[in-house]
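Structural characterization, general
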Amino acid sequence: MSVAAGPRVVHAKAPGKINVFMRVGALQEDGYHDVATAYQAVSLYEEVAATEADDFAVRFTGPIDTSALPTDGSNLAIRAARLLARTTDYRGGVHLEIAKHVPIAGGMGGGSADAAATLVACDHLWGTGLGRDELGELAAELGADVPFALMGGTAVGTGRGDRLSPALAQGTFHWVLVLADGGLSTPEVYAELDRHRERHVTDIAPAPEQPTVDIEVLQALRAGDAHQLAEYLHNDLQAPALHLQPELAATLEAGEVEGALAALISGSGPTVAFLVADADAALELQVSLSAGGHRVLRATGPVHGARVVAG
């Protein structure tokens, strides 16, 4: 007696990211800023299970509180699936189950990873057969960080952060991440950066028209040298994030006191990333910060971008 097969399911995953360097240009007439950033994909993954369906739906699982995330058409993963369907004239739908491991509104690109994993999962599930370049074009339509979640590894991002150039990186970098209780809105952090620059117009250099990534950062990544990289970690969004959440300053100091090589707020925050020398140092710092009441994760980078893992 034959048993009817259930709907086909494809599993994919995509990584979160750390901006090891981020310089933000002046506010443009369209309300956006050009940036120059060095991305590193790290070993915290969003896992997407895509199931054949007639409509579009998403639900969340995993260790992170997702109660505030939308599950309607505004969700970035749903938008990614619908964009792929429209682009390829696919007439069906998909049900997405996303196990979240990247902090929400934490400056680590979790929503972008959802979208990137959804693109590769649905492309495989539906047999639409788009190449990586075509998927990358769709990713850029969805958000500035989505193309990097698709690419992974280490890369320089310019423009809105979506024009990517792969960067050579040797070896493995070890990170300890402290999660905040609340998130920060990326537009709010950029707006605070503009206000910060206006308040300190006589004290700080003017915002660059065309920001670039410092060559020393790329040299440190190419050498796989955590001590060298620690000297050049930088994020223009750190000062406004600290202004919006002053308590992050104590977190930054705590990690440096406990032996981190360097610390910075990742992206628009509020996740704090500590660079350490090796796996042993990462474990020691995790234990120390956890004992101080912080929620702490360890991660390594660089890792691969979005890819299908089963199905």
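These remarks concern the structure in this document. This one's a predicted model, so the numbers in the text were calculated from it and none came from an experiment.

1. Overview of the nonpolar core
Within the largest apolar cluster, 37 residues are counted, with the highest numbers of intra-cluster contacts made by Leu84, Val94, Leu96, Leu119, Trp126 and Leu142. Of all the secondary-structure elements, those providing two or more residues to this core are β1 (9-27), β2 (33-53), β3 (56-61), α1 (76-88), β4 (93-99), α2 (110-126), α3 (132-142) and α4 (146-151). In terms of residues, this core owes the most to one element, α2, which gives 10 residues. In contact with Val94, other than residues within four places in its own chain, are Ala50, Thr51, Ala53, Asp55, Phe56, Ala57, Ala81, Cys122, Leu125 and Trp126. Val156, Leu221, Ala226 and Ala299 belong to the second-largest nonpolar core, a separate cluster that totals 28 residues.

2. A few points about the sheet that holds strand β9 (residues 262-265)
The strands making up a sheet associate through hydrogen bonds between their backbones, and the pairing can be parallel or antiparallel. If you walk across this open sheet you meet the 4 strands as β9-β10-β7-β11, and the pairing is antiparallel. Since the sheet does not close on itself, it has two edges, and those belong to β9 and β11 (295-301), each with one partner. Neighbour-to-neighbour, the strand axes of this sheet turn through a mean angle of 25°, independent of strand direction. Pairing between strand β7 (residues 173-179) and strand β10 (residues 272-276): 5 bridges, direction antiparallel. Within β10, the position partnered with Leu177 by the bridge is Ala273.

3. Notes on the pattern of salt bridges
A full pass over the atoms with the stated rule returns 10 salt bridges. Between Lys17 and Asp145 there is a salt bridge, with its nearest N and O atoms 3.7 Å apart. Of this pair, Lys17 sits in strand β1 while Asp145 sits in the loop between α3 and α4, and the two are 128 residues apart along the sequence. A single salt-bridge network, built from bridges that share partners, covers Asp30, Asp34 and Arg160.

4. Re the pairing of strand β6 (residues 163-166)
A regular strand places its side chains so that they alternate between the two faces of the sheet. One ladder, built from 4 bridges, connects strand β5 (residues 154-158) with β6; its direction is antiparallel. Along β6, the bridge assignment pairs Gly157 with Leu164. Once β5 ends, the chain turns through 4 residues before running back antiparallel as β6, passing Gly159 with a positive phi of about 70°.

5. Some details on the side chain of Thr37
By the element assignment, Thr37 lies in strand β2. Here Phe21 takes part through its backbone oxygen, which lies 2.8 Å from a polar atom of the side chain of Thr37. Those residues in contact with Thr37, other than ones at most four positions away along the chain, are Asn19, Phe21, Met22, Ala155, Val156, Gly157 and Val213.

6. A few points about unusual backbone geometry
Here Gly269 and Pro270 are connected by a cis peptide whose omega angle stands at 10°. You can see Pro270 is positioned in the loop between β9 and β10. The omega torsion across Gly301 and Pro302 is 0°, close enough to zero to call that bond cis. Structurally, Pro302 is set in the loop between β11 and β12 (307-310).

7. So, the packing of aromatic side chains
One pass over the full model with this rule turns up 3 aromatic pairs. Ring geometry for Phe56 versus Trp126: centroids 6.5 Å apart, planes at 90°, classification edge-to-face. Taken as a pair, Phe56 in strand β3 and Trp126 in helix α2 lie far apart in primary sequence, 70 residues in all. A residue is classified by how much of its surface remains accessible, and Phe56, at 22% relative accessible area, is partly exposed. Judged by centre distance (4.3 Å) and plane angle (15°), the ring pair of Tyr90 and Trp126 falls under stacked.

8. Regarding the packing of α2 against α3
Their axes nearest at 10 Å, the elements α2 and α3 cross at an angle of 140°. Classified by the angle between their axes, α2 and α3 sit oblique to one another. The interaxial crossing formed by α2 with α3 has right-handed handedness. Listed contacts from α3 to Ala115, Leu119, Val120 and Asp123 of α2 are Arg132, Leu135, Leu138, Ala139 and Leu142.

9. Focus on a negative patch on the surface
A cluster of acidic residues, Asp133, Glu134, Glu137 and Glu141, forms a negative patch at the surface. Topologically, Glu141 is positioned in helix α3. What makes Glu141 exposed here is its relative accessible area of 54%.

10. Some points on helix α6 (residues 215-223)
Within α6 the residues assigned to the buried category are Val217, Leu218, Ala220 and Leu221. Buried residues of α6, viewed axially, fall in a sector of 160°; they line one side. Tucked into the core, α6 has its buried residues touching β1, β2, β5, β7 and α7 (226-230). Of the residues one or two after α6, Gly224 is the one with positive phi, at around 65°.

11. Overview of α3
Along α3, the residues that are buried comprise Leu135, Gly136, Leu138, Ala139 and Leu142. Along α3, the residues classed as buried sweep out an arc of 165° about the axis, all on the same side. Opposite the buried face of α3, at more than 90 degrees from it, the exposed residues are Asp133, Glu137 and Glu141. Considering only its buried residues, α3 is in contact with α1, α2 and α4.

Rules used in this analysis
Residues numbered from 1 in each chain as written. Predicted model: local features only at pLDDT ≥ 70, side-chain atom pairs only at ≥ 80, totals over all residues. Heavy atoms only, no water. Core = buried A, V, L, I, M, F, W, Y, C linked by side-chain atoms within 4.5 Å. Buried < 20%, exposed > 50% of the residue type's maximum accessible area, 1.4 Å probe, protein only. Helix = DSSP H or I, 4+ residues; strand = E, 2+ residues; numbered from the N terminus. Contact = heavy atoms within 4.5 Å. Pairing = 2+ DSSP bridges. Axes fitted to C-alpha atoms, helices over the stretch in contact; angles between N-to-C directions. Salt bridge = Lys/Arg side-chain N within 4 Å of Asp/Glu carboxyl O. Polar contact = N/O pair within 3.5 Å; in protein donor to acceptor, adjacent residues only side chain to side chain. Phe/Tyr/Trp six-rings, centres within 6.5 Å; stacked < 30°, edge-to-face > 60°. Parallel < 35°, antiparallel > 145°, perpendicular 65-115°, else oblique. Left-handed = near helix turned anticlockwise from the far one by under 90°. Patch = residues over 30% accessible without salt bridge, like charges linked within 9 Å, V, L, I, M, F, W, Y side chains within 5 Å. Areas by Shrake-Rupley, 256 points an atom, 1.4 Å probe, with all protein chains shown as cover. Lys, Arg positive; Asp, Glu negative; His and termini not counted. Charge placed at Lys NZ, Arg CZ, Asp CG, Glu CD. Arc of directions from axis to C-beta.

The values reported here are purely geometric and, on their own, carry no functional implication.
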